[in-house]
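Summary of structural features
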Amino acid sequence: METDSPEELLSEVRERRLGVWGVLQIAAGTGVAVYAMWAGILMPGFRKVPLRLQVPYLPASRAQVRNVMTLLHGRSGNVADLGSGDGRIVLEAYKKGFSPAVGYELNPWLVRLANFHAWRAGHYGKVSYLREDLWKVDLSRCKNVTVFLAPSVLTLLQDKLLAELPDDALVVAGRFPFPDWTPSQVEGEGVDRAWGYNMQTLRQHHKQEVQKEPSQP
């Protein structure tokens, strides 16, 4: 199965035209100069996040959302979006019948934007957007997890997901694939592509790889 490299996908993201609404949402998500000053001066905890773990906000396209939902088709239960941005994945998942639908996002401006989108869609209070660090979220009861994160973050997130998610969980990654995992299903092309990962299959593969490693003398 041919997969674009993170570098190729990142290049395509940079070249993609976002349109006026996309640019406005990026401005709202970053808070332009006001948020930069607030994050740097009034929120010391923000500076403690390593640079490689900071993920720039880029709104998911309609095609990306559609591909994620296609991979989730036929499933049910809860859904957790790690780094939920403006909340569109959570909102669409709720419309498809997933409940509870929860997004975890550190950026307070994006949490407000997500709640605004939920209110405008008539679903305010029916979905949840929590300002929490995804590394501290307990995922042991999550059945469906979605992520739109940078490759550097996905590399570290693999261990947390393997350690906490139940065997029947499905992880869907958008824009970038997990670097060390083999997807069970892929939907879409290029920057709109989404990858689905079955946790039970991944654990079996991981166990086999560990058994192959030579034992230490």
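Placed above this text is the structure.
These remarks concern the structure in this document. (Residues numbered from 1 in each chain as written. Predicted model: local features only at pLDDT ≥ 70, side-chain atom pairs only at ≥ 80, totals over all residues. Heavy atoms only, no water.)

A word on the overall build of the protein chain
Note the following rule: Secondary structure elements are taken from DSSP: a helix is a run of H or I of four residues or more, a strand is a run of E of two residues or more, and numbering for both begins at the N terminus. When a residue's accessible area, from a 1.4 Å probe over protein chains only, is under 20% of the maximum for its type it is buried; when over 50% it is exposed; and in between it is partly exposed. Pairs of residues are marked as contacts when any of their non-hydrogen atoms sit within 4.5 Å. Methods summary: accessible areas were calculated by the Shrake-Rupley approach with a probe of 1.4 Å, and residue burial reflects only the protein chains presented.
From N to C terminus, the protein chain includes 8 helices and 7 strands. Residue burial in the protein chain is summarised as follows: out of 217 residues, 43% are buried. Considering only contacts within the protein chain whose residues lie at least 6 apart along the sequence, 68% involve residues at least 24 apart. Summed over all atoms, the accessible surface of the protein chain reaches about 12,200 Å², with 54% contributed by carbon and sulfur.

Overview of the pairing of strand 2 (residues 101-104)
Residues in a regular strand point their side chains to alternate faces of the sheet. The condition that has to hold: Every crossover in which the path from the first strand over the helix to the second runs clockwise, viewed with the strands pointing away from the viewer, is termed right-handed. Note on pairing: two strands pair once DSSP finds at least 2 bridges between them.
Burial along strand 2 is two-sided: Ala 101 and Gly 103 and Val 102 and Tyr 104, pointing in opposite directions, are all buried. With respect to chirality, the unit in which strand 1 (residues 79-82) leads through helix 5 (residues 88-95) into the neighbouring parallel strand 2 is right-handed. One ladder, built from 3 bridges, connects strand 2 with strand 3 (residues 128-130); its direction is parallel. Across the sheet, residue Val 102 finds its bridge partner in strand 3, namely Ser 128.

Structural notes on the side chain of Asp 192
In plain terms, the rule: N or O atoms within 3.5 Å of each other form a polar contact, as long as, within protein, one can give a hydrogen and the other can take it, and as long as residues adjacent in sequence are counted only when both atoms are side-chain atoms.
By secondary structure assignment, the location of Asp 192 is in the loop between strand 6 (185-187) and strand 7 (194-198). Of the polar contacts made by the side chain of Asp 192, one reaches the side chain of Ser 61; its length is 2.9 Å.

Concerning the environment of Met 199
By secondary structure assignment, the location of Met 199 is in helix 8 (residues 199-212). Residue Met 199 is classed as buried on the basis of its relative accessible area of 0%. Met 199 sits 33 residues away from Pro 166 along the chain, and the two C-alpha atoms are 7.3 Å apart. Every residue in contact with Met 199, bar those within four places of it in the chain, is listed here: Leu 161, Leu 162, Leu 165, Pro 166, Asp 167, Ala 169, Val 171 and Trp 181.

Focus: the pattern of salt bridges
Test applied: Counted as salt bridges are all cases of a side-chain nitrogen of Lys or Arg within 4 Å of a carboxyl oxygen of Asp or Glu.
Applying the stated criterion across every chain yields a total of 6 salt bridges. For Arg 88, the salt bridge identified is with Asp 86, shortest N-O distance 2.6 Å. As a salt-bridge pair, Asp 167 and Arg 203 come within 2.7 Å of each other at their nearest N and O atoms. Remark: Arg 203 occurs in helix 8 and Asp 167 occurs in the loop between helix 7 (151-164) and strand 5 (170-174); sequence separation between them is 36 residues.

Overview of the sheet that holds strand 4 (residues 144-147)
To keep things clear, this is the line we draw: Fitted lines through C-alpha atoms serve as axes, helices being fitted only where they are in contact, and the angles separating the N-to-C directions of these axes extend from 0 to 180 degrees.
Strand order in the open sheet made by the 7 strands is 3-2-1-4-5-7-6, with mixed pairing throughout. Sheet topology places strand 3 and strand 6 at the edges, where each strand pairs with a single neighbour. Put simply, the sheet's adjacent strands are angled 20 degrees from each other on average, direction ignored. Where strand 5 and strand 7 come together, 5 bridges link them in antiparallel fashion. Paired with Val 172 across the bridge in strand 7 is Gly 196. Sheet strands in contact with helix 5 are strand 1, strand 2, strand 3 and strand 4, and its direction is about 175 degrees off that of strand 2.

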